[in-house]
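Coordinates in review
Residue strings, one per chain:
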Amino acid sequence: MARPVNPRKVFSRPKVKGFIPMGFYASDLDTIYLSVEEYESIRLKDYMGLSQLESSEHMAVSRPTLTRIYEKARNKIAEALCEGKQILIQGGNVIYHEKWFVCNSCSSKFNIKGKSDNTEKCPLCGSENVVLIENDL
Amino acid sequence: MDNVKIIAIPVMGKSTDYKVSKLFARSPFFIIYDEKNQTIQFAKNDYKGDQAQSGKHISKLLVAKGVNVFCGHDIGFNVQKIAEENNIQLILLPETKGMMGETVINMIKKK
């Protein structure tokens, strides 16, 4: 029996759920599903400019595993760009570094260290109208 | 979190009248606001022009000054890493608004 896959560590949820192509040849019927761990590998390596080793340490995986996740993500994004497919970011075996909330009053986002009972107040405006981001997406 | 919050806000100049900087680590100045005593201090960012690791250096400096909340528009990886190691809370301000330092402080005061 194969060893179960360890969950990958992700800093926070992506800002958007996905991307829709535009233009005559755009197709919103064909969808590429990018997992959250694949998104995180692109964020760490391409956006933050980290090395593969640094990215793998951040995601709590080995460097070869990170390389596989990253290659898969690059291939999916390339396919979506070249064939005009939409990208949906969802799924994946991930755990988050900490809980992130969004305040519906001032639109700020904040994290909570340690245990939380999900009845937090916004540290900026004090509003109780806050939503856990994981549940929101 | 019941402990006293000392909040670092990156601003474009040494006054609360300046806008909040878009990039945390590259900000020229920081407002250090003590929520309990309601005092404001300024910290100059000597690392803003560094080619690399400016986030790491400025975060360590702010931690040494007793800051336990980082508040800004865009907080980079090195700052996030130091925040995680030192149990520091992060607040990401809404991206669309060009907020002034004073606006942020007033929001914290009013709550």
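So, how was this worked out
- Residues numbered from 1 in each chain as written.
- Chains lettered and ligands numbered in written order.
- Predicted model: local features only at pLDDT ≥ 70, side-chain atom pairs only at ≥ 80, totals over all residues.
- Heavy atoms only, no water.
- Domains from an automatic or database assignment.
- Buried area = accessible area lost by both parts, 1.4 Å probe.
- Salt bridge = Lys/Arg side-chain N within 4 Å of Asp/Glu carboxyl O.
- Polar contact = N/O pair within 3.5 Å; in protein donor to acceptor, adjacent residues only side chain to side chain.
- Nonpolar A, V, L, I, M, F, W, Y, C, P; charged D, E, K, R; others polar.
- Pairing = 2+ DSSP bridges.
- Helix = DSSP H or I, 4+ residues; strand = E, 2+ residues; numbered from the N terminus.
- Axes fitted to C-alpha atoms, helices over the stretch in contact; angles between N-to-C directions.
- Contact = heavy atoms within 4.5 Å.

As a further point, take the domain arrangement of chain A. Residues and elements named next belong to chain A. We note that the domain assignment places domain 1 (8-96) and domain 2 (99-136) within chain A. Each of domain 1 and domain 2 has a C-alpha centre, and the two are 26 Å apart. The junction of domain 1 with domain 2 conceals about 390 Å² of combined surface from both sides, 67% of it contributed by carbon and sulfur atoms. Area buried by domain 1 at its contact with domain 2 is led by Phe-11, Arg-13 and Tyr-96, which between them contribute 71% of it. On inspection of domain 1 and its partner domain 2, the count reaches zero salt bridges. Counting every contact that joins domain 1 to domain 2 gives zero residue pairs in polar contact (both at pLDDT 80 or more). When grouped by side-chain class, the residues that make up the side of domain 1 that touches domain 2 number two nonpolar, one polar and two charged.

Quick look at the sheet that holds strand β4 (residues 69-72) of chain B now. Hydrogen bonds between backbone atoms are what pair the strands of a sheet, whose relative direction is either parallel or antiparallel. What the eight strands build is an open sheet, ordered β8(A)-β6(A)-β7(A)-β5(B)-β4(B)-β1(B)-β2(B)-β3(B); its pairing is mixed. Whereas interior strands pair on both sides, the edge strands pair on one side only; in this sheet they are β8 (130-132) of chain A together with β3 (39-44) of chain B. If you compare each strand with its neighbour and ignore which way they point, the axes differ by 25 degrees on average. As paired elements, strand β1 (residues 6-11) of chain B and β4(B) share two bridges and run parallel to each other. Residue B:Ala8 lies in a different strand from β4(B), and its bridge partner there is B:Phe70. Lying over the sheet, helix α3 (residues 101-110) of chain B contacts β1, β2 (29-34), β3 and β4 of chain B, oriented at roughly 15 degrees with respect to β2(B).

Counting from both sides, the interface comprises 22 residues of chain B and, opposite them, 23 residues of chain A. The junction of chain B with chain A conceals about 1900 Å² of combined surface from both sides, 61% of it contributed by carbon and sulfur atoms. Across the chain B-chain A interface, the total number found is zero salt bridges. Our enumeration of links across chain B and chain A arrives at four residue pairs in polar contact (both at pLDDT 80 or more). Of all the secondary-structure elements, those providing two or more residues to the side of chain B that touches chain A are α2 (77-85), β5 (89-92) and α3 of chain B. Taken together, the residues of the side of chain B that touches chain A sort by class into twelve nonpolar, four polar and six charged.

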